[in-house]
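Working through the structure, step by step
Here is how the chains run, residue by residue.
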Amino acid sequence: MEIERRSLREKQVAARDMLRGDLEGEDLERYVEERVVTTTFEKVQNWARANSIFPLTFGLACCAIEAPISIVTARYDLARFGAEALRASPRQADLIILSGRVSIKMAPVVRRLYDQMLEPKWVMAMGACSSSAGMFANYAVVQGADKFMPVDVYVPGCPPRPEAVLYGFVKLQHKIMGSPDQSWRRRYDAYGTEEWARGGPRSEPSPEASKAYEEAKRSVERLREETGEPSVA
Amino acid sequence: MPDAPGVELIRGEIDRDCPGAVLATSFDRAQAALIADPEKVIEVLAWLKDQPGHRYDFLSSLHAADYLPAEPRFAVHYELINRDRVERIRVKAMLADRGEELPEIDSCVDLFPTANAQEREVFDFFGIVFRGHPNLTRILMPDDYVGWPQRRDFPVGGEPVTFTYSEARYD
C-alpha cells in the first residue's frame, strides 16, 4: 500500500469534504480543525508496535544486571515506554536485548532464540561486548553480535547506564515508528537467507537460497565421501 | 605446609617406596612442590593420598601450564591438601612438546573422582591427553572447535585493534 504524503492542511480539507452536509461554513471549519486528525493505517500500527514492545527475559553476562533487571525497577521504569511485560518465551517477545558478551558456544543458541521470535522483531546490542566484543579480542568471544544476527540499536558502555539503555530503547521506538515496513529481511536487504520447509505445497525458495542450499548439500556430501560416513539422503 | 626440609623428607620417603618417581623438589614463596616423573605421577599421588602420617587426600585443583619456550614445555599441576592439618603440597609433572602428537599422562580419576571435569578442562585448553579418563571430550569449548586455545603459541584471535603504537604509518 502506498503511503500518502500530504500536509496536515490537505488532510483536513479532505476530511471536511467527507463531513460536508452536517455542518456548514465557519462551524465546519472549526470542527475539522479541532476534531479530525487523518493518518494512515501503517502509521497507527507502527505507533502501537513501538509502544507495546515485549522484551525477552534474557541475560548473557554482567550487563544483564543493568538490563533487563535494572530498567524495569521503579527507579528507571521501562513501563513508561510500554515495555514492562518481559516475556519468558521467544515466541511472545518482540525485542531481544543482548546484554553481555556472546561466546562462540552461546552464539548458535542466541541465534536460535532470535529465529524463534515472530516478526516483527528487533535486536538491541547492549554494551561494548555484544556490539564489538569490547575488551575480549580472543578465541572465545564472537567479535560483535552483528556477525551472526541483524542488530537494530547499539548501546555503548561497559556497562551502559540504565538511562543509556532507555535512550537506546527510545531510539528503537523512533526507528519502529519511522519505518513503514517491519520485516528485518527487508530492513537489511537480507532476502535469500530464508530457511524453508522442503516438500511443502508452496515451498518455493528464492533462487539465491536454493543455490546456497545446493552448495551446502554438495559440500556435506563431499565431506561424507572423504570420511567414509554413510550418506543420509 | 611442609617447609623446605619437610619437602626433602617427603621426597626421601617416596624414594624408598617408589624409587625414581620424584625427580626434584622446590620450595618457592613458601609453597612446597614435588616435581614428579610423568610416567609415575599416579604412584606419587597415591602415596601422598594413602601414606599414614601424610594423607594429602583432597585434590583441590588440577590444572596445566604452558611454559613456552622452556623445555619440557607443559606442566600438569596437582594441588593436594591434608584437611586435618590444612597443609598443602603441589605435585608437578612436566611434559615435553611432541609436535603433532599430543602429550600424554595417566589420568588420576580413579584416585580423585573430582579430577574428571578438571582433566577434561586441561584437555580442552592445552591438548594434554589423560590416559584412562572415562570421557575425555571438550568441556568448555564447542565440540567441533579446532585447536588448544590456552597454549602460548595459539593466536590470540579476535580482530586486530589499531593502537597508536601499532598503527601503520604511511609517509
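A brief report on the enclosed structure follows.

1. Observations regarding the overall build of chain A
Across its full length, chain A holds nine helices and three strands. Ordered by position from the N terminus, the helices and strands of chain A form the series α-α-α-α-β-α-β-α-β-α-α-α. Burial status across chain A gives 25% buried among its 233 residues. The contacts of chain A with a sequence gap of at least 6 include a subset with a gap of at least 24, amounting to 70%.

2. Here we look at the interface of chain B and chain A
Counting residues at the interface gives eight residues for chain B and seven residues for chain A. Looking at side-chain class alone, the side of chain B that touches chain A contains five nonpolar, two polar and one charged residues.

3. A look at the sheet that holds strand S1 (residues 95–99) of chain A
Residues and elements named next belong to chain A. Spatially, three strands are ordered S1-S2-S3 in an open sheet, and the strand pairing comes out parallel. Sheet topology places S1 and strand S3 (153–155) at the edges, where each strand pairs with a single neighbour. Mean inter-strand twist for the sheet, computed between neighbouring axes without regard to direction, equals 15°. Where strand S2 (residues 122–126) lies against S3, three bridges are found, and the strand directions are parallel. Each residue of the ladder has a partner; that of Met124, found in S3, is Val153. Each of S2 and S3 touches helix H7 (residues 162–178); the most contacted strand, S3, lies at about 165° to it.

4. Re the sheet that holds strand S3 (residues 58–66) of chain B
All names here are of chain B. Read across the sheet, five strands follow the order S1-S2-S5-S4-S3 without closing on themselves; strand pairing throughout is mixed. This sheet does not close on itself; its edge strands, each paired only once, are strand S1 (22–28) and S3. With direction set aside, neighbouring strand axes in the sheet form an average angle of 20°. Pairing between strand S4 (residues 74–82) and strand S5 (residues 87–95): nine bridges, direction antiparallel. Opposite Phe74, over in S5, you have Leu95 as the bridge partner. With respect to the sheet, helix H1 (residues 4–17) is in contact with S1 and strand S2 (31–36), its orientation differing from that of S1 by roughly 165°. Taken strand by strand, helix H3 (residues 115–126) contacts S3 and S4, and its axis lies near 5° from that of S3.

5. Points about the nonpolar core
Core analysis: the largest hydrophobic core is formed by 40 residues, its most contacted members being Ile96, Leu98, Met124 and Met126 of chain A. Looking at this core, the elements with two or more residues in it are S1, helix H5 (107–116), S2, helix H6 (127–132), S3 and H7 of chain A. What Met124 of chain A contacts, discounting residues up to four positions off in sequence, is Leu95, Ile97, Leu98, Asp152, Val153, Val155, Gly168 and Leu172 of chain A. In this structure, Val44, Leu45, Val91 and Phe123 of chain B belong to the second largest nonpolar core, which totals 36 residues.

6. Describing the packing of helix H3 (residues 41–50) of chain A against H7 of chain A
Residue and element names in this part refer to chain A. Two elements in contact, H3 and H7, have axes separated by 8 Å at closest approach and are oriented at 160°. The angle between H3 and H7 places the two elements in the roughly antiparallel class. Here the hand of the crossing between H3 and H7 comes out right-handed. Two secondary-structure elements touch here, H3 through Asn46, Trp47, Arg49 and Ala50 and H7 through Gln173, Ile176 and Met177.

The rules behind each value
- Residues numbered from 1 in each chain as written.
- Chains lettered and ligands numbered in written order.
- Predicted model: local features only at pLDDT ≥ 70, side-chain atom pairs only at ≥ 80, totals over all residues.
- Helix = DSSP H or I, 4+ residues; strand = E, 2+ residues; numbered from the N terminus.
- Buried ≥ 20, exposed ≤ 12 C-beta atoms within 10 Å, placed from the backbone.
- Contact = placed C-beta atoms within 7 Å.
- Nonpolar A, V, L, I, M, F, W, Y, C, P; charged D, E, K, R; others polar.
- Pairing = 2+ DSSP bridges.
- Axes fitted to C-alpha atoms, helices over the stretch in contact; angles between N-to-C directions.
- Core = buried A, V, L, I, M, F, W, Y, C linked by C-beta atoms within 7 Å.
- Parallel < 35°, antiparallel > 145°, perpendicular 65-115°, else oblique.
- Left-handed = near helix turned anticlockwise from the far one by under 90°.

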